[in-house]
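So you can see what is in the structure, the chains are spelled out below.
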Amino acid sequence: MSTVTGKADLNNLLGATLQGAEDAVQWLDRKEKAVKKAHETAVKVEGYRLKNLLQREIRKGAPGGRAFEPLSWIARRLTRQVTLMGGVTQRQNPNRKPIARLAHGIRYNIRTGPFFKMLVGFVQPTSGPHTVSKSWRRLADFHQKGFTRAISAAQRYFIIRRGGELGKVDGGETPFFLKRDTQKFTTPARKIVDPFWAAHARQAKENIRKNFRTKMAGKRI
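Right, let's walk through the structure included here. (Residues numbered from 1 in each chain as written. Predicted model: local features only at pLDDT ≥ 70, side-chain atom pairs only at ≥ 80, totals over all residues. Heavy atoms only, no water.)

## Details of the pattern of salt bridges
When the charged atoms of two side chains with opposite charge come close together, those side chains can pair. Following the criterion strictly, the structure yields 5 salt bridges and no others. Here K33 and D29 are joined by a salt bridge, their closest N and O atoms 3.5 Å apart. Of this pair, K33 and D29 both sit in helix α1 (residues 10-60), 4 residues apart, which is roughly one turn of that helix. Assessed through its relative accessible area of 56%, K33 is described here as exposed. (Salt bridge = Lys/Arg side-chain N within 4 Å of Asp/Glu carboxyl O. Helix = DSSP H or I, 4+ residues; strand = E, 2+ residues; numbered from the N terminus. Buried < 20%, exposed > 50% of the residue type's maximum accessible area, 1.4 Å probe, protein only.)

Structure (structure tokens):
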């Protein structure tokens with residue numbers, strides 16, 4: 001900011017004051033831009049961290065530290081192969097975590113509107129090479145709410161055949177047994193976003209404040 005000097009007559013005083021006010025406005029404008037940029041950077045850095053953390057926790061089967069209900073014996077062995085990009089098939093591990101593949105659908109979305117914000121989760125990026133199909137969001141919605149689906153004739157045949165091959169396990173149980181009147185499979189609700197945010201919201205806010213102070217101090221984050 002400038003130092004005001006000059007004669008103390010009315011005209012000079014008014015002129016000097018106006019010039020000093022203009023300098024102050026320019027200084028405040030630069031400061032406001034620096035604060036805005038620091039805030040946006042602080043949010044972005046924490047958003048990237050949360051995105052990666054959510055992906056890791058989904059793959060571990062416990063968003064926010066709350067473990068998913070495990071797959072049933074039949075579910076673990078019913079679908080033995082999945083089709084990946086390019087038509088490549090991959091054999092599934094029967095001991096896999098439930099819905100671990102949904103981690104591929106996690107994205108971030110930056111909204112610049114009147115208020116800057118960054119969305120993390122099953123959201124669609126506004127632009128860029130990392131867009132994700134709507135099918136990921138539909139799957140995420142289904143699995144977080146839970147759903148039922150009819151048992152096809154092919155699935156029933158497979159279950160009966162595999163049950164005959166496996167027989168009884170330790171304890172005399174038949175895990176592949178399917179009653180004749182069972183017509184549907186029920187998939188339980190497995191919450192993802194809510195428990196994750198409940199566990200990490202406080203730390204995320206603290207990290208944003210810390211990132212902001214670091215950026216305003218002229219340091220890299």
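Structure shown, so let's carry the discussion forward.
## Section: the side chain of N211
With respect to the helices, strands and loops of the structure, N211 is situated in helix α5 (residues 193-216). Aside from chain neighbours lying at most four places away, what touches N211 is A42, V45, E46 and I221. (Contact = heavy atoms within 4.5 Å.)

## A word on unusual backbone geometry
Backbone geometry at I99 places phi at a positive 45°, although glycine is not the residue there. With respect to the helices and strands, the residue I99 is situated in the loop between β2 (89-91) and β3 (107-111).

## Considerations on the nonpolar core
L54, I58, L102, F122 and I192 are the most contacted members of the largest nonpolar core, which totals 16 residues. Looking at this core, the elements that each hand over two or more residues are α1, α3 (134-145) and α5. Sort the elements by how many residues they give to this core and α1 lands first, with 4 residues. Not counting residues within four places of it along the chain, the set of residues in contact with L102 comprises I58, F122, W136, L139, A140, H143 and I192. F158, I159, L178 and F185 belong to the second largest nonpolar core, which has 6 residues in total. (Core = buried A, V, L, I, M, F, W, Y, C linked by side-chain atoms within 4.5 Å.)

## Describing the pairing of β3
Sheet topology places β3 next to strand β4 (residues 117-121); 5 bridges connect them, and they run antiparallel. Bridged to R107 within β4 is G121. Between β3 and β4, which pair antiparallel one after the other, the connecting turn spans 5 residues. (Pairing = 2+ DSSP bridges.)

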